[in-house]
Every structure is written in structure tokens, then in C-alpha cells.
Amino acid sequence: MTAMFEEELRAQLTQARHDLVEAKSEGDLDGIQASQGRISGLLRLAATHGIRLEHSPEEERGEA
């Protein structure tokens, strides 16, 4: 079960990062904010469950 949970978190983080890049390229400020929030939320969830995901300090703070 834990491996599946980690895999899903990683997939969601990848998608959120992709969405952030797309929002930035389109100048979509709401999309940028939503994606940044999603990324930091996923990182907090992973940390809560002891899952280490590569990330920048900016992503953790929701500023990526």
C-alpha cells in the first residue's frame, strides 16, 4: 500500500509541476498560484508520511 501511495504522490507532483510551467508560460496568475499551492501541499503530505521527494525550498514554501 505504501509503495502505491508514494507512486501516486510522485505522479501528482509531476503533474502539478507541469501545470505550473504551463500556467507560467500562459501568464495565468491564478493557475500559477493554484499549482504552487498544490505542490507545497503534496510535499507536506509526503513529509507527514515519511516520504522523501526531491524539491526546492521555494516549492516547499509555495513560491516555485
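Structure first, text after, so check above.
Here is a short report on the structure shown in this document. (Residues numbered from 1 in each chain as written. Predicted model: local features only at pLDDT ≥ 70, side-chain atom pairs only at ≥ 80, totals over all residues. Heavy atoms only, no water.)

**Observations concerning the packing of helix α1 (residues 2-26) against helix α2 (residues 29-48)**
Right, on to step 1. It is at 8 Å that the axes of α1 and α2 come closest, and there the two elements cross at 160 degrees. One element, α1, and the other, α2, form an angle in the roughly antiparallel class. The crossing of α1 and α2 is left-handed. Contacts from Phe-5, Leu-9, Gln-12, Leu-13, Ala-16, Arg-17, Asp-19, Leu-20, Ala-23 and Lys-24 in α1 reach Gly-31, Ile-32, Ser-35, Gln-36, Arg-38, Ile-39, Leu-42, Leu-43, Leu-45 and Ala-46 in α2. (Axes fitted to C-alpha atoms, helices over the stretch in contact; angles between N-to-C directions. Helix = DSSP H or I, 4+ residues; strand = E, 2+ residues; numbered from the N terminus. Parallel < 35°, antiparallel > 145°, perpendicular 65-115°, else oblique. Left-handed = near helix turned anticlockwise from the far one by under 90°. Contact = heavy atoms within 4.5 Å.)

**Quick notes on α1**
Right, on to step 1. Helix length check: α1, at 25 residues, gives a terminal C-alpha distance of 36 Å against a target of 36 Å (1.5 Å per residue), a fit within 8%.
Right, on to step 2. Within α1, burial applies to Leu-9, Leu-13, Ala-16, Leu-20 and Ala-23.
Right, on to step 3. Packed against the buried residues of α1 are α2.
Right, on to step 4. A positive phi of about 70 degrees marks Gly-27, the residue just after α1. (Expected span 1.5 Å × (residues − 1). Buried < 20%, exposed > 50% of the residue type's maximum accessible area, 1.4 Å probe, protein only.)

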